[in-house]
Amino acid sequence: MEKILIEGGRRLEGTVAISGAKNAALPILVSALLTDGWNTYQNVPELRDVMTINKLLTELGARVETEKNTVRVNAGALSRYEAPYELVRTMRASVLVLGPLLARLGRARVSLPGGCAIGARPINLHLRGLELLGAEISLSHGYIEAKAKSLKGTDIYFDIVTVTGTENLMMAAVLAEGTTTLRNAAREPEVCALAEALNQMGAQISGAGTPMITIRGVDTLRPASVTIIPDRIETGTFIIASALTQGNIKIVSCEPSHLTAVIHKVREAGVTIEEEPGGLRVIGGEPICSVDVKTLPYPGFPTDMQAQFMVLMCLASGLSVISETIFENRFIHVCELQRMGANIKVSGNTAIVSGGKSLTGAPVMATDLRASASLILAGLAAKGTTEVSRVYHIDRGYEAIEKKLAQLGANIRRVQIT
Ligand code: EPU
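We now turn to the structure provided with this report. The written sequence of each chain sets the order in which its residues are numbered from 1. Under the rules for a predicted model, residues below a pLDDT of 70 receive no local features and side-chain atom pairs below 80 are neither given nor counted, while totals for whole chains, interfaces and linings still include all residues. Calculation of side-chain values draws on the structure's entire complement of heavy atoms; hydrogens and water are dropped beforehand.

A short note on the packing of aromatic side chains
Two rings belonging to Phe, Tyr or Trp (six-membered ring only in the last case) form a pair when the distance between their centres is within 6.5 Å. Interplanar angles under 30 degrees mark stacking, angles over 60 mark edge-to-face geometry, and anything in between is tilted. Within this structure, the stated rule accounts for one aromatic pair. Where Phe301 meets Phe309, the ring centres are 5.4 Å apart and the plane angle is 70°; that geometry is what we call edge-to-face. Here the guanidinium or amino end of Arg72 rests over the ring plane of Trp38, the centre of that ring lying 4.7 Å away. Taking the ring centre of Tyr143 as reference, the NZ or CZ of Arg109 above it sits at 4.1 Å. Note on geometry: a ring has a charge over it if NZ (lysine) or CZ (arginine) is within 6 Å of the ring centre and within 35 degrees of the ring normal.

See below:
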């Protein structure tokens, strides 16, 4: 087992390069299932979730070659159509294989993901959409069994904006007969990145980035060569890291236009964020002002930045109201932040943060990916030592976070514990 130890109070300075986006890499790697031949993916982050998806692709019979941040996938000889429980339970995004397997093989068997630390997270909208495309779906022994002789283009409306739901149906529809329209589709940059990757493969997708995506089905797709977009949540996490430590850092290899809401809210809190050639400069200072935030689908404030923003608000002067509208249980980090001295009250989907208290280092436990990022951030700002355990959560989605923070001057290290 490993822990991350942080000695707080260091001002961050220097330059940090952002890695490829986990949530773009996962669906794009899966899109290789739609074709035979070697697809090449660059700027793929070295993460546990990427290893899991590569393992799943391999189990399905695809060949996967990895060399640092380049991954090559050839799904020419798919031999299986099952995403087993052991993999889906470690990473829900495994359900992304449903759409492409149905499109390519007319069959998929995928373990139904249960709830997770941040909410129930059903996939009913993925399944309903696949049924509308002509698939027969049943549930047996905890597995979704999906079959389709052929998929036919249709009109699909999502009751709730769903990121992986939009991605799954986009991948199912690219090889369907006729045209599919996805309404109230997710507009996240990762959805646009997948649409671009699919179009490079010869798909006919328009409207990605708007609430209506149109997919004209084609007969076959060809392999593609794709560079993964920068991770906007990692970028946002480093913005907060600089803000919390009165730092002065330059963030490069990022895409500021994907972070408009985050940049606005952090600026509102009194932090200087300037666009510079090649990236963003973030200069933290005092005082930090209290700001209210509500998480929303893109282009609103991302739920994946809520926990990190809350840490900034712990140091602000006054009250901040944070409303979580995407997941029903995404305040688990609050109890751990309280152990570090934060004054936060939760009622339903709202957290009220009374800022102005200094944080003190404590042993804390990571419960999910973004919660663990928030604990590391809190540790950077706290007096004394913070010990974050269960760091495997952070390794799912942040590439070498402690190395990047240490290069900026943070006193942070990973230790083995017995
Ligand atoms: N929902 C349903 N039915 C569905 C699908 C979704 O009710 O069929 C609900 C969910 O329960 C949730 C809301 O719709 O309340 C939005 O969920 P969404 O489907 O958009 O989430 P997701 O696709 O499972 C992706 C990211 C998450 C990110 C959310 C929201 C990936 C692999 N995961 O999840 O990322 O929080 O969108 O932006 O893209 C993370 O990286 O830490 C992470 C959790």
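A look at empty space enclosed by the protein
By rolling a water-sized probe across the atoms, one finds the places where empty space is left. Both site types are read off a 1 Å grid over the protein atoms alone. A 1.4 Å probe that fits but cannot get out defines a cavity, while an open set with protein on both sides within 12 Å along at least five of seven lines defines a pocket; lining residues have an atom within 4 Å of a point. Grid points are joined across faces, edges and corners, and a volume is the space filled by probe spheres set on the points. Overall, the coordinates contain two cavities of 30 Å³ or more when judged by the stated rule. A volume near 40 Å³ is recorded for the largest cavity. Surrounding the largest cavity, Thr303, Gln306, Ala307, Arg330, His333, Asp368, Arg370 and Ala371 form its lining. Only DSSP runs of H or I covering at least 4 residues are called helices, and only runs of E covering at least 2 are called strands; the numbering of each starts at the N terminus. Secondary structure elements with two or more residues in the lining of the largest cavity: α10 (306-314) and α12 (369-381). For the lining of the largest cavity, a count of residues per class yields two nonpolar, three polar and three charged. In this structure, the second largest cavity occupies an estimated 30 Å³ of space. What lines the second largest cavity is simply Glu7, Gly8, Gly9, Arg10, Leu12, Leu380, Ala410 and Asn411. A class-by-class count of the residues in the lining of the second largest cavity yields three nonpolar, three polar and two charged. Polar here means any residue other than Ala, Val, Leu, Ile, Met, Phe, Trp, Tyr, Cys and Pro, which are nonpolar, and Asp, Glu, Lys and Arg, which are charged; Gly is therefore polar.

Let's talk about the site of the ligand
Leu125, Thr162, Thr164, Asp304 and Ile326 are the nearest of the 21 residues found near the ligand. Throughout this description, a polar contact denotes any pair of N or O atoms lying within 3.5 Å of each other; where both atoms belong to protein, one of them has to be capable of donating a hydrogen while the other can accept it, and for residues adjacent in sequence the pair is counted only when both atoms sit in side chains. Interatomic distance of 2.7 Å between a side-chain N/O atom of Asn124 and a nitrogen atom of the ligand. Take Val163: an N or O atom from its main chain is 2.8 Å from an oxygen atom of the ligand. Accessible areas in this description were obtained via Shrake-Rupley with a 1.4 Å probe; residue shielding takes into account the shown protein chains only. Taken by itself the ligand offers 820 Å² of open surface, and the protein chains cover 88% of this. For the shell around the ligand, the element with the most residues is helix α5 (residues 124-132), which contributes three residues. Looking at the shell around the ligand, its residues break down into 10 nonpolar, six polar and five charged. Note on terminology: near, applied to a residue and a molecule or strand, indicates that one of the residue's heavy atoms is within 4 Å of it.

Looking at the pairing of strand β8 (residues 136-140)
In this sheet, strand β9 (residues 143-147) lies alongside β8 in antiparallel orientation, the contact comprising five bridges. Within β9, the residue paired with Ile137 across the bridge is Ala146. Two strands qualify as a pair provided DSSP detects at least 2 bridges between them. Joining the antiparallel neighbours β8 and β9 is a turn of two residues, in which His141 adopts a positive phi near 50°.

Concerning the sheet that holds strand β13 (residues 212-216)
Pairing is mixed across the open sheet formed by four strands, whose spatial order is β10-β11-β13-β12. Looking at which strands have only one partner, the edges of the open sheet turn out to be β10 (155-157) and β12 (204-206). The sheet shows a mean angle of 15° between the axes of neighbouring strands, direction not considered. Note that β10 and strand β11 (residues 179-183) share three bridges and pair parallel. Along β11, the bridge assignment pairs Asp155 with Thr181. Between N-to-C directions, angles span 0 to 180 degrees; the directions come from axes that are lines fitted to C-alpha atoms, helices contributing only their stretch in contact.

Structural notes on α10
Side chains that are three or four residues apart share a direction in an α-helix, a result of its 3.6 residues per turn. With nine of nine residues buried, α10 lies mostly within the body of the structure. Here α10 has its buried residues at Gln306, Ala307, Gln308, Phe309, Met310, Val311, Leu312, Met313 and Cys314. Under the scheme applied here, a residue whose accessible area is under 20% of the maximum for its type counts as buried, over 50% as exposed, and between as partly exposed, the area being computed with a 1.4 Å probe on protein chains only.

As for the sheet that holds strand β18 (residues 293-294)
On the basis of which strands lie adjacent, the open sheet formed by four strands has the order β18-β19-β21-β20 and mixed pairing. Edge positions in the sheet fall to β18 and β20 (343-347), since each of these pairs with one other strand and no more. Summarising the sheet, β18 and strand β19 (residues 319-323) pair through two bridges and their orientation is parallel. In the strand pairing of β19, Lys294 is matched with Ser323.

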